[in-house]
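A closer look at the structure
Residues per chain are reported as follows:
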Amino acid sequence: MKFYKAPIAPNPLRVEIFMREKGIYDNFEHIDVELAQETKTDEHLSRNHLGQVPVLELDDGRFLSESRAICTYIEGLYPEPNLMGNDFEERAFIEMTDRQIEHGILYPIYHWIRHIHPGLAKLEKPQVEDWGHVNEGRAKRAIGTFDIILANREYCAGDRFTIADITLYCGLNFARIVRYKAWEEFENIGKWHKKMLERGTFK
Ligand SMILES: N[C@@H](CCC(=O)N[C@@H](CS)C(=O)NCC(=O)O)C(=O)O
């Protein structure tokens with residue numbers, strides 16, 4: 001199977017870490033696609049009409065996009081270690097947390113940076129700086145909420161490592177582009193972040 005991704009981009013990174021956690025990273029052919037250039041070519045639009053990465057090309061020629069959907073597929077193929085929930089109840093609670101992080105932290109950070117960073121002007125046309133700062137505020141408030149949640153939990157979705165931890169890491173890591181390091185500001189996020197780095201799969 002072929003995995004289309006782009007360096008630095010947070011969404012492909014979610015899937016890459018997911019693959020590493022399952023120990024199957026090398027089972028895929030990894031192909032870099034240049035953002036804004038190659039992502040908008042007819043060739044890539046035929047893989048994903050939204051012109052985005054990540055995309056997984058299955059062996060039967062079908063294309064699967066959306067990072068969470070790709071993770072669902074990989075979890076089905078390689079069930080262990082389980083990262084998305086063992087039964088419907090656990091799956092629902094992990095998905096709840098994962099989506100809260102995705103919509104409350106990862107995407108606000110993504111829009112914040114894309115709308116203020118000169119280097120990303122080619123990706124975001126037009127860049128609207130005020131909208132970037134609205135998202136900065138939203139992201140930082142949600143990070144503060146997760147810092148409180150992590151005071152009583154080892155991991156984002158409970159007492160074990162899951163996809164939700166990967167999503168939080170990828171969101172926070174992307175903010176390094178604007179030199180924002182939430183793990184240096186928030187105590188519990190800081191402890192959690194140290195644990196993530198110790199796993200060795202968060203490169
Ligand atoms: N909801 C999608 C979002 C994918 C996405 O936003 N990908 C970005 C990179 S992180 C992209 O390909 N952007 C290309 C562009 O804006 O030209 C997912 O979860 O995979």
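Whatever comes next refers back to the structure up there.
First things first, this report covers the structure right here in the doc. (Residues numbered from 1 in each chain as written. Predicted model: local features only at pLDDT ≥ 70, side-chain atom pairs only at ≥ 80, totals over all residues. Heavy atoms only, no water.)

Here we look at unusual backbone geometry
As a reminder of what qualifies: Helix and strand definitions here come from DSSP, where helices need a minimum of 4 consecutive H or I residues and strands a minimum of 2 consecutive E residues; each element is numbered from the N-terminal end.
The omega torsion across Val53 and Pro54 is 10 degrees, close enough to zero to call that bond cis. Mapped onto the fold, Pro54 is located in the loop between helix H2 (42–45) and strand S3 (55–57). Here the bond from Glu80 into Pro81 is cis, since omega is -10 degrees, no more than 30 degrees from zero. On the secondary structure map, Pro81 appears in the loop between helix H3 (67–77) and helix H4 (88–116). With a phi angle near 75 degrees, Ile8 is a residue other than glycine that sits in the positive phi range. For Ile8, the position within the fold is in the loop between strand S1 (2–5) and helix H1 (10–22). One non-glycine residue with positive phi stands out, namely Arg179, at about 60 degrees. Checked against the element boundaries, Arg179 lands in the loop between helix H6 (163–174) and helix H7 (182–185).

A look at the pattern of salt bridges
Pairing of side chains with opposite charge becomes possible as their charged atoms draw close. Note the cut-off: By salt bridge we mean one thing: a side-chain nitrogen of Lys or Arg within 4 Å of a carboxyl oxygen of Asp or Glu. Only protein chains enter the accessibility calculation, which uses a 1.4 Å probe. A residue is then buried if its area is under 20% of the maximum for its type, exposed if over 50%, and partly exposed in between.
Enumeration over the complete set of coordinates arrives at 16 salt bridges. One salt bridge connects Lys5 with Glu16, and the closest N-O pair in it is separated by 3.3 Å. Taken together, the residues span a long stretch of sequence, with Lys5 in strand S1 and Glu16 in helix H1 at a distance of 11 residues. Residues Lys5 and Glu16 agree in their burial class; the two are buried. Two residues, Lys22 and Glu75, come together in a salt bridge whose shortest N-O distance is 2.7 Å. Taken together, the residues Lys22 in helix H1 and Glu75 in helix H3 connect sequence positions 53 residues apart. Here the two residues Lys22 and Glu75 agree in accessibility, since each one is buried. Linked by salt bridges that have partners in common, Arg14, Glu95, Arg99 and Glu102 make up one network.

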